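Structure at a glance
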Amino acid sequence: MGAAQSFRDMCDRTKNTNVRFSLPAVCVVWQTAMIILFGVFIRYDEESDPHWLEHKKLNNISSDIENDFYFRYPSFQDVHVMIFVGFGFLMTFLKRYSFGGVGFNFLIAAFGLQWALLMQGWFHSLDYTDGKIKIGIENLINADFCVAGCLIAYGALLGKVSPVQLMVLTLFGITLFAVEEYIILNLIHARDAGGSMVIHTFGAYYGLSISWMLYRPNLDQSSRLQGSVYHSDVFATIGTLFLWMFWPSFNSAITDHGDGQHRAVINTYLALASTVLTTVAMSSLFQKHGKLDMVHVQNSTLAGGVAVGTAAEFMLMPYGSLIVGFCCGVISTLGYIYISPFLEKYMKVQDTCGVHNLHAMPGVIGGIVGAITAAAASESVYGHEGLVKTFDFEGAFEKMEPTTQGGHQAGGLCVALIFGIGGGMIVGAILRLPIWGDPADDNCFDDETYWEVPEDEESIPPVLQYNNHMRNKDIADTNFSMEPYPRTRS
Amino acid sequence: MGAAQSFRDMCDRTKNTNVRFSLPAVCVVWQTAMIILFGVFIRYDEESDPHWLEHKKLNNISSDIENDFYFRYPSFQDVHVMIFVGFGFLMTFLKRYSFGGVGFNFLIAAFGLQWALLMQGWFHSLDYTDGKIKIGIENLINADFCVAGCLIAYGALLGKVSPVQLMVLTLFGITLFAVEEYIILNLIHARDAGGSMVIHTFGAYYGLSISWMLYRPNLDQSSRLQGSVYHSDVFATIGTLFLWMFWPSFNSAITDHGDGQHRAVINTYLALASTVLTTVAMSSLFQKHGKLDMVHVQNSTLAGGVAVGTAAEFMLMPYGSLIVGFCCGVISTLGYIYISPFLEKYMKVQDTCGVHNLHAMPGVIGGIVGAITAAAASESVYGHEGLVKTFDFEGAFEKMEPTTQGGHQAGGLCVALIFGIGGGMIVGAILRLPIWGDPADDNCFDDETYWEVPEDEESIPPVLQYNNHMRNKDIADTNFSMEPYPRTRS
Amino acid sequence: MGAAQSFRDMCDRTKNTNVRFSLPAVCVVWQTAMIILFGVFIRYDEESDPHWLEHKKLNNISSDIENDFYFRYPSFQDVHVMIFVGFGFLMTFLKRYSFGGVGFNFLIAAFGLQWALLMQGWFHSLDYTDGKIKIGIENLINADFCVAGCLIAYGALLGKVSPVQLMVLTLFGITLFAVEEYIILNLIHARDAGGSMVIHTFGAYYGLSISWMLYRPNLDQSSRLQGSVYHSDVFATIGTLFLWMFWPSFNSAITDHGDGQHRAVINTYLALASTVLTTVAMSSLFQKHGKLDMVHVQNSTLAGGVAVGTAAEFMLMPYGSLIVGFCCGVISTLGYIYISPFLEKYMKVQDTCGVHNLHAMPGVIGGIVGAITAAAASESVYGHEGLVKTFDFEGAFEKMEPTTQGGHQAGGLCVALIFGIGGGMIVGAILRLPIWGDPADDNCFDDETYWEVPEDEESIPPVLQYNNHMRNKDIADTNFSMEPYPRTRS
């Protein structure tokens, strides 16, 4: 015990994981900056301002129910659940990193959505008459979307970075996202309601590039903790299911009122159902004895939702959604079995949650499906008005043809890839600086590093447990914190 | 250890639980069939199609908010949560079958909803002008409802069947459901918005009949696993609460716009509240020392929601809902204490989750309550228009009297019982074929049979754990899978 | 073992925790009373009654979508989730009181909402033409709000009271709440949409006063159980996140249609985001080694939602919401670190969940913020119509000025404090009677007292486990219930 302890102390010396000053400093300073910037720039939009009453009369709106709030609020709350419970609990699967998974997800999402309201606001919601950003429910949804990109990136880095690094990752990630999104949606005029390209492709390659820059050759020293236990797998399933169930809301949250939201829900619902079956099939087929692997069921079942993100609002057709889901279940599961080990061994990309299989590949597929579906659009299928409304062929793009739109969609995918990979390498370089409090290789995947972890009575050997119990009675009001058994032993 | 292992191997030989080819084959072939059938039959309805813009003008619809999507989407998402998290987590209560509970629930629901869209579509949404099924949000809700019947049946069989058997159960279950539903709702003209008869009575007796056909006289060999542990009971409570909270959405999801949905929510909310109190009362009264039993709190508290399923849209009155909830809490809890052991011992019905107490009895009560409430309806209470709209006294049923409607409701209940029991016996006979990979009697309730279960560090004895830890360091990149302690020991 | 057991038996004799007759009696008698009172008083309102069709025509309502149901149902379901999963799971953090946390929360909420419908109905929804209370969706939301007050009080008492005491606490708590709410909202004409004063301040001081009356000097005898284990902390995080995510629905559920609900959501969303960052900052800064404490992340992150409860519907401005959240994260976390130990040591207030930090202080801050924001209101910011609608300056209050409104808000806060503290002391005195079956000091925080707790295989020492397993095979059909290891040992 003595030797192991002194080795561990040595590591702790070379890698100082104490974030007692850096983390509070980053949180307080950045939050203060948010308050100042919000004070200067952010105001309510006309639908969330009391002048709505006058606005309603002026615009001949007959009822409060036509406030955009009622079109989008149910979807917003579902997206909110996906961001905090969905992504958060999906990352609780590690046996001793559940606090970090759900807790740091919480922290960076709460920061990211504020910064996203500003960044996206400058690009999309700036009122040039008074220089203010006017926000309403759609801005809140977009801020949550923007945050999703950074949470995907966190998935690749889970357990290997400090909370300060995550805050930096989020600051730059949101910034890159807003620029990339503006280029893809406004300059290139690609459509991407569910964010296959803008969110998933960008977020996944951003995280994977950072992981490549932060490659840890001796990560196997933490391998005893890089796995799940029975109950942590059940916790992760909570995340999976809330993502899976609410994905129709994600892909439809900012689509057109009426048929646009309606159709996006149907397509996403079907794609996800199809993915479940092929994921189970592949998981069973490629394991000895045909046993299912929880990793696949937790992750690959979601790939269909990613891959219909772009095309969900188009006339993908119900069978088209099923086909997309079918393929993504197969590809994503095979990715976990073959591609992830390959990436780790030969490409030096350590991808804790397998975001390459869940977000990167399905995201690229989604971009391609979107391009094809857009190129194939016609007035006979959409009707004239429907075509104009669905693809927003208005203003400067009034004369645009669906085939051209298909090309623009493909262009959007390239921009997402470039921003993801390029941005990730730059931010990765920044995160390699030895000032961020990241853990040593043998401290990864361990909540002990950044959290006060409660004693875990059940894992203390019987004799110690009895003594511990007795001692607790004597020193009852001391905040006694004994390390769980396996680690005190090493 | 050697003797036990060889005995186990022998069992594995006599009962081959390897589903490596059958499960992938069923999933891939059936999913492919779905794609083909969807390609031939399924299209968007007019509210989810871009031609909605023209349809809106033609039908003088003033705003997108009158798209059926906005009336039903919040309820749909709640129902979706009930199907996947509600039913799924309710079945995680077994100490070593949480993966199977939530995972197979996921699989069969994802398959079932596709098949339900087709089966229900042929009966209810077929457009005779072009031979296509036109789907919208209401079809998605009905597909989820249809799936609920099969998930209830799974509750009776939890831990004793293979995933392939569950897929077969779902295929036939959805088919039977769609026929039964068509007879009850369209031919008999019974009303059943929350599905007391159509969903709960049918589903429960379907599952119980199958369980009776698959009776295992030596199931006590798995008794060490047929129980909960502390944390698995807390997981199951997640399922209970999401079912309980969202049941008002379940019972109101497809009722009439306006007062119909409003009233169904109030009735269900009240019935469920009342059930909680009588469940707690009975649980405490019938246990020594007055201690509460988690099984009752997890299940019987939901009985009130089942029992107002039919009558929730009627003028059941708030106190009527409370009375129904009161009775069902009592009956369901007494069912767990007295009827379930009786059924198992004398009727050879092994009902893992107690669906007889949670769905069968309350479902039948719900059918009876519905018949009485319908028979008692009058123009003085409903108003003329209200009566016509609530009971759909239109077309061929224009001259129908409430008393006659009451009789039709009772007829509907009988049809549900006949389809449940009869269908279950036929499907049970099919599932007895020795080709489905079901577990041996001493392998029931054990995730090891069909899942790669992670090592559970906490249950390995200290010495082994230490060695294991050391070995892991050496063989770090091997996908090392050690069985949890209790089972390696046997 | 013998001596410890006989000591424990002695305690059980002095403190009889057997609620086998009192709990069922209270549940059945009170539920019966509810049925009778509902029969006499409660009816559907005009929007949930079939006469809605005629009402709609009379009032020129163009579409069913303008039924209040569609404005409020999504928020209602979110609030419902907060009450049952949010509050329930937040109280599962104790290592051996998860059943009691979530289960008793379920029981008293189910009773409380029925009693609240009556009490609030008499004050707010009584139709004087026929003496009936007419209920609709807004009444269900208000009933859930009313229940929240009692659940907050339960948080202070968690683990130290019997279910019968909790029922009594709820009966009186709901009654006091309804009176206090009537005085604050109707007589004083204060606004409090999110209930900073009415719900949080009242509920917290009600619970803290009861806890003070029930002070247990020897509670340290249960200290071994007054803490969390790893997985119970993850369970509690489920509660935290559902509260956090759905708080925008809580604060907007009963605000004005249109801009009122829209603005309340934006303000709450922002305040909560800001709170997360300062909570993390303070938690890290005040712990040695900068490690985060799960207690703070689970609780203090919610303080911002409490503190914008009153002002969320006002023109608090986005940056104002961030400032409120910023301050509350700091204050609440410092409360856990410094004030809670002080209260316990010097004020004899034992506050299990720290409701003083999560509800009491932020609630008072919320009342003050509301008063200031109201006093600062002006027609230039709200517009004339907006000012009238937001502050309900109609009828007797037509000529009221915003500055006067500010004074009334402050008056409302005082009433909430008086009712909380005064009511709590009276109810606390009642709960000190030795007839309620509360646990002895060394049985607190232990589910064994009121629940049948399953054996926990994982915590039995290896040798016993093996024997136990063998024995289980022999006595398979016995309902074998062995106490988890640590307790059988003592």
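Residues numbered from 1 in each chain as written. Chains lettered and ligands numbered in written order. Predicted model: local features only at pLDDT ≥ 70, side-chain atom pairs only at ≥ 80, totals over all residues. Heavy atoms only, no water.

The next point concerns the overall build of chain A. Broken down by element type, chain A carries 19 helices and five strands. Taken against the 2.2 N^0.38 rule, which gives 23 Å for 490 residues, the C-alpha radius of gyration of chain A at 24 Å falls within 12% of a compact globule. Overall size of chain A, expressed as C-alpha extent along the three principal axes, is 75 × 55 × 40 Å. Taking all 490 residues of chain A together, the buried fraction comes to 70%. Residue pairs at least 24 apart in sequence account for 82% of intrachain contacts in chain A once pairs closer than 6 positions are excluded. (Helix = DSSP H or I, 4+ residues; strand = E, 2+ residues; numbered from the N terminus. Rg over C-alpha atoms; globule rule 2.2 N^0.38 Å. Buried < 20%, exposed > 50% of the residue type's maximum accessible area, 1.4 Å probe, protein only. Contact = heavy atoms within 4.5 Å.)

The next thing to look at is the interface of chain C and chain B. Between chain C and chain B, the contact holds 86 residues from the first and 84 residues from the second. Note on chain C versus chain B: buried area summed over both sides is about 7600 Å², and carbon and sulfur give 71% of it. Our count for the contact surface shared by chain C and chain B stands at two salt bridges. The tally of links between chain C and chain B comes to 24 residue pairs in polar contact (both at pLDDT 80 or more). Broken down by class, the residue content of the side of chain C that touches chain B amounts to 49 nonpolar, 19 polar and 18 charged. Sheet analysis places strand E4 (residues 292-293) of chain B next to strand E5 (residues 451-452) of chain C, joined by two bridges and oriented parallel. Within the sheet, the bridge partner assigned to B:Leu292 lies in E5(C) and is C:Trp451. (Buried area = accessible area lost by both parts, 1.4 Å probe. Salt bridge = Lys/Arg side-chain N within 4 Å of Asp/Glu carboxyl O. Polar contact = N/O pair within 3.5 Å; in protein donor to acceptor, adjacent residues only side chain to side chain. Nonpolar A, V, L, I, M, F, W, Y, C, P; charged D, E, K, R; others polar. Pairing = 2+ DSSP bridges.)

Residue and element names in this part refer to chain A. The sheet built from three strands is open, its strands ordered E1-E3-E2 with mixed pairing. The open sheet has two edge strands with one neighbour each: strand E1 (42-44) and strand E2 (126-127). Sheet analysis places E2 next to strand E3 (residues 132-135), joined by two bridges and oriented antiparallel. Residue pairing across strands places Asp 127 opposite Lys 132, the latter belonging to E3.

What follows is about the environment of A:Val198. All names here are of chain A. Secondary-structure assignment places Val 198 in helix H8 (residues 196-213). Each C-alpha atom, one on Val 198 and one on Val 324, is 19 Å from the other, the two residues being 126 residues apart in sequence. For Val 198, the contacting residues outside a window of four places in its chain are Phe 177, Glu 180, Glu 181, Ile 184, Leu 185 and Asp 192.

Looking now at the interface of chain A and chain B. Facing 82 residues of chain A, the contacting portion of chain B comprises 87 residues. Interface area, chain A with chain B, both sides summed: about 7600 Å², of which 71% is carbon and sulfur. Applying the counting criterion to the chain A and chain B interface returns two salt bridges. Of the charged contacts, one joins A:Lys389 and B:Asp64 as a salt bridge, the two residues approaching to 4.0 Å between their closest N and O atoms. Contributing elements (two or more residues each) for the side of chain A that touches chain B: helix H4 (68-90), helix H9 (230-252), helix H10 (259-285), helix H11 (294-299), helix H13 (318-346), helix H15 (379-382), helix H16 (384-391) and helix H19 (485-489) of chain A. Considering every element that reaches the side of chain A that touches chain B, the biggest residue donor is H10(A), with 17 residues. Looking at the side of chain A that touches chain B residue by residue, the class counts come to 42 nonpolar, 24 polar and 16 charged.

This model, assessed by the stated rule, comprises 87 aromatic pairs over all chains. Between B:Trp244 and C:Phe106, the aromatic rings sit 5.2 Å apart at their centres with planes inclined by 85°, giving edge-to-face as the arrangement. Residue B:Trp244 is found in helix H9 (residues 230-252), and its partner C:Phe106 is found in helix H5 (residues 98-125); the two belong to separate chains. For the residue pair B:Trp244 and C:Phe106, the accessibility class agrees, reading buried in each case. For the pair B:Phe286 and B:Tyr338, a centre-to-centre distance of 5.9 Å together with 85° between the ring planes defines the contact as edge-to-face. (Phe/Tyr/Trp six-rings, centres within 6.5 Å; stacked < 30°, edge-to-face > 60°.)

Summarising the element assignment, C:Asn267 is placed in helix H10 (residues 259-285). Judged by relative accessible area, which is 0%, C:Asn267 ranks as buried. Reaching out from C:Asn267, the side chain makes a polar contact with the backbone oxygen of C:Phe314 at a distance of 3.5 Å. Reaching out from C:Asn267, the side chain makes a polar contact with the side chain of C:Ser321 at a distance of 3.0 Å. Contacts of C:Asn267, omitting those with residues within four sequence positions, involve A:Tyr44, C:Val308, C:Ala311, C:Ala312, C:Phe314, C:Leu316, C:Met317, C:Pro318 and C:Ser321.

A:Ile238, A:Phe242, B:Ile238, B:Phe242, C:Ile238 and C:Phe242 are the most contacted members of the largest nonpolar core, which totals 474 residues. Leaving out residues up to four positions away in the same chain, B:Phe242 has contacts with A:Phe242, B:Val81, B:Met82, B:Val85, C:Val81, C:Val85 and C:Phe242. (Core = buried A, V, L, I, M, F, W, Y, C linked by side-chain atoms within 4.5 Å.)

Below, the discussion takes up a nonpolar patch on the surface. Residues and elements named next belong to chain A. Together, Trp 212, Ile 421 and Met 425 make up an exposed nonpolar region whose accessible area comes to about 260 Å². Assignment of secondary structure puts Ile 421 in helix H17 (residues 402-431). Given a relative accessible area of 35%, Ile 421 falls into the partly exposed group. (Patch = residues over 30% accessible without salt bridge, like charges linked within 9 Å, V, L, I, M, F, W, Y side chains within 5 Å. Areas by Shrake-Rupley, 256 points an atom, 1.4 Å probe, with all protein chains shown as cover.)

What follows covers the relation of the copies chain C and chain B. The transformation that overlays chain C on chain B combines an axial shift of 0.0 Å with a rotation of 120°, and the residual RMSD is 0.0 Å. The operation mapping one copy onto its partner corresponds to a three-fold rotation axis. Considering only C-alpha atoms, the part of chain C nearest the rotation axis is C:Pro74, at 3.6 Å. Each copy contacts the other with its own distinct surface, as only 14% of the interface residues of chain C are interface residues in chain B too. (Least-squares fit on C-alpha atoms with pLDDT ≥ 70 in both.)

Put simply, the second copy of the chain is the first one after a rotation about an axis and a shift along it. With an RMSD of 0.0 Å, chain A superimposes on chain B once it is rotated by 120° and translated 0.0 Å along the axis. Little of the interface of chain A is mirrored in chain B, where only 13% of its interface residues again form contacts.

Time to look at the pairing of strand E3 (residues 132-135) of chain B. Residues and elements named next belong to chain B. Residue alternation in E3 divides its side chains into a buried set, Ile 133 and Ile 135, and an unburied set, Lys 132 and Lys 134. Strand direction decides the pairing type here: strand E1 (residues 42-44) and E3, joined by three bridges, are parallel. Across the sheet, Ile 42 pairs through a bridge with Ile 133, a residue of E3. Here strand E2 (residues 126-127) folds back onto E3, and the loop between the two strands holds four residues, one of which, Gly 131, carries a positive phi near 70°.

To continue, consider the packing of H4(A) against helix H4 (residues 68-90) of chain C. Where H4(A) meets H4(C), the axes come as close as 10 Å, and the angle between the chain directions of the two elements is 10°. As judged from the angle between their axes, H4(A) and H4(C) are roughly parallel. The segment H4(A) lies against H4(C), with A:Tyr70, A:Tyr73, A:Pro74 and A:Gln77 engaging C:Tyr70, C:Phe71, C:Pro74, C:Ser75 and C:Asp78. (Axes fitted to C-alpha atoms, helices over the stretch in contact; angles between N-to-C directions. Parallel < 35°, antiparallel > 145°, perpendicular 65-115°, else oblique.)

With mixed pairing, three strands are arranged side by side in an open sheet as E1-E3-E2 (chain B). A strand with exactly one partner marks an edge of an open sheet, and here the two such strands are E1 and E2 of chain B.

What the rule picks out here adds up to 36 salt bridges over all chains. A salt bridge links B:Asp64 to B:Lys56; the shortest N-O distance between them is 3.0 Å. In this structure B:Asp64 comes out as buried when scored by relative accessible area, which is 11%. What you see here is one network of salt bridges that share partners, running through A:Lys56, A:Asp64 and C:Lys389.

In this structure, A:Phe445 takes a positive phi of about 60° despite not being glycine. Topologically, A:Phe445 is positioned in the loop between H17 and strand E5 (451-452). Judged by its relative accessible area of 0%, A:Phe445 falls in the buried class. In this structure, B:Lys348 takes a positive phi of about 60° despite not being glycine.

As a further point, take the packing of helix H7 (residues 163-187) of chain C against helix H8 (residues 196-213) of chain C. All names here are of chain C. In contact at an axis separation of 11 Å, H7 and H8 are set at 140° when each is read in the N-to-C sense. In this view, H7 runs oblique relative to H8, as classed from their interaxial angle. Judged by the sense of rotation from one axis to the other, the crossing of H7 with H8 is right-handed. Residues Leu 169, Phe 172, Gly 173, Leu 176, Phe 177, Glu 180, Glu 181, Ile 184 and Leu 185 of H7 form the contact with H8, whose participating residues are Met 197, Val 198, Ile 199, Phe 202, Tyr 206 and Ile 210. Broken down by class, the residue content of the contact of H7 with H8 amounts to 12 nonpolar, one polar and two charged. (Left-handed = near helix turned anticlockwise from the far one by under 90°.)

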